[in-house]
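Structure at a glance
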Amino acid sequence: MTTTNPGTSTSTGDPYREVLREAFVRRYEDGADSWSEEPAMRELVPLLCTELAAGSTVIDIGAGRGRDTELLLAAGHRVTAVDLVRLPDWDGIARRHGAAVSFETGNFADMTGGRTFDAAVDNGVLHHQDPAGYARYLANVRRRLRPGGLLAVSLFTTAEELAEGVLNRAEDGRLSRWFTEREARELLAGAGFAVTAVRTVRRELPGLAYLLVLARRDA
Ligand SMILES: C[S@@+](CC[C@H](N)C(=O)[O-])C[C@H]1O[C@@H](n2cnc3c(N)ncnc32)[C@H](O)[C@@H]1O
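This section reports on the structure supplied with the text. All chains use their own residue numbering, which begins from 1 and follows the written sequence. Restriction of local features to residues with pLDDT of at least 70 applies here, the model being predicted, together with a cutoff of 80 or more for giving and counting side-chain atom pairs; totals for whole chains, interfaces and linings are based on all residues. Excluding hydrogens and water, the side-chain values take into account all heavy atoms of the structure.

Planes of paired rings set the category: under 30 degrees apart is stacked, over 60 is edge-to-face and the rest tilted, where pairs are Phe, Tyr or Trp rings (Trp by its six-membered ring) whose centres lie within 6.5 Å. For the structure on display, the rule yields eight aromatic pairs. A centroid spacing of 5.5 Å and a plane angle of 65° characterise the contact between Phe-108 and Tyr-137, whose relative ring orientation is edge-to-face. Residue Phe-108 is found in the loop between strand 4 (101-105) and strand 5 (117-123), and its partner Tyr-137 is found in helix 5 (residues 134-143); the two are separated by 29 residues along the sequence. Centre to centre, the rings of Tyr-134 and Phe-179 are 5.9 Å apart; their planes meet at 40°, and the pair counts as tilted. Taken together, the residues Tyr-134 in helix 5 and Phe-179 in the loop between strand 8 (175-178) and helix 6 (181-190) connect sequence positions 45 residues apart. Think of it this way: any DSSP run of H or I at least four residues long counts as a helix, any run of E at least two long counts as a strand, and we number them from the N terminus.

To continue, consider the site of the ligand. Every one of the 20 residues lining the ligand counts as a neighbour, but Tyr-28, Arg-42, Gly-62, Asp-83 and Asn-107 are closest to it. Polar contacts, as counted here, are pairs of nitrogen or oxygen atoms within 3.5 Å of one another; within protein the pair requires one atom able to donate a hydrogen and one able to accept it, and residues that are adjacent in sequence qualify only if both atoms are side-chain atoms. Gly-62 places a polar main-chain atom, nitrogen or oxygen, 2.7 Å from a nitrogen atom of the ligand. Within the side chain of Gln-129, one N or O atom sits 2.9 Å away from a nitrogen atom of the ligand. Here, Shrake-Rupley sampling with a 1.4 Å probe gives the accessible areas, and only protein chains in the shown set may cover a residue. The protein chains hide 99% of the 590 Å² of surface that the ligand would expose on its own. Here the shell around the ligand takes three residues from helix 1 (residues 13-29), the largest share from any one element. By convention in these notes, a residue is near a molecule or strand provided one of its non-hydrogen atoms lies within 4 Å of it.

Side chains bearing opposite charge may pair, as long as their charged atoms lie close to each other. A pair is scored as a salt bridge if a Lys or Arg side-chain nitrogen falls within 4 Å of a carboxyl oxygen belonging to Asp or Glu. Counting across every chain of the model gives 17 salt bridges. When the shortest N-O distance is used, the salt bridge between Arg-216 and Glu-51 registers 3.4 Å. Here the residue Arg-216 occupies a position in strand 10 (residues 208-217), and Glu-51 occupies one in the loop between helix 2 (44-49) and strand 2 (57-61), the gap between them amounting to 165 residues. For Arg-216, a relative accessible area of 29% puts it in the partly exposed group. Per-residue accessibility, obtained with a 1.4 Å probe over protein chains only, is compared with the maximum for each type, and a residue is labelled buried under 20%, exposed over 50%, and partly exposed between these values. Residue classification places Glu-51 among the partly exposed positions, given a relative accessible area of 27%. Of the charged contacts in the structure, one is a salt bridge between Arg-67 and Asp-89, with a shortest N-O distance of 3.5 Å. Residue Arg-67 is located in helix 3 (residues 67-74), and its partner Asp-89 is located in helix 4 (residues 89-97); the two are separated by 22 residues in the primary sequence. Judged by relative accessible area, Arg-67 falls into the partly exposed class, the value being 27%. Members of the salt-bridge network, linked through shared partners, are Asp-33, Glu-37, Arg-65, Arg-67 and Asp-89.

As structure tokens, this is what we get:
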């Protein structure tokens, strides 16, 4: 793995948690959440829906403004949306969909208990976590899925095949990691998931893409 702009140590997740929250609060406050309207971001839920049974329960981890939450609700699923930041868009979604949707504010890492779901969506979240915490994060995702439950995850990658992963730290301290397909497969296999589909979606930004991975929780 190549690390650029390494900044301070990432060996302990705790100081980074607040850095991450503040970075996202600021991005939303400044209207700098370009991902919310990015067409390539809306390819993950259609991929998940190719394997998701009708009327499923889904946890949307790092739901942001709730764009995927709305897509899932429109497809007839019930959704719990979780994010570090509470966004005003949630009010309209709650009004439109009533009991089919619920929202939780906080760090997913702290939400270790509670009910299990048929599927989990992680659209642009895992790749911003501290790499030292990936295993713990995925163990928590696994815990929130029923055996055989589906995980749909979208990770940063490049349009042309990437030789090795890259970790970048932005000026606000937010980490972003670009994954190779091999790394993504190994990470998920090591966390107790069996990959069922992989797709690369090119972004409008030159040279960049998302790696969409669908995986099932082992029994
Ligand atoms: C790139 S945005 C994507 C938002 C949304 N999934 C979408 O498709 O538009 C990542 C989101 O994950 C949230 N997030 C990041 N780390 C998180 C964590 N550990 N727990 C809960 N939410 C988190 C951020 O606040 C942000 O809204």
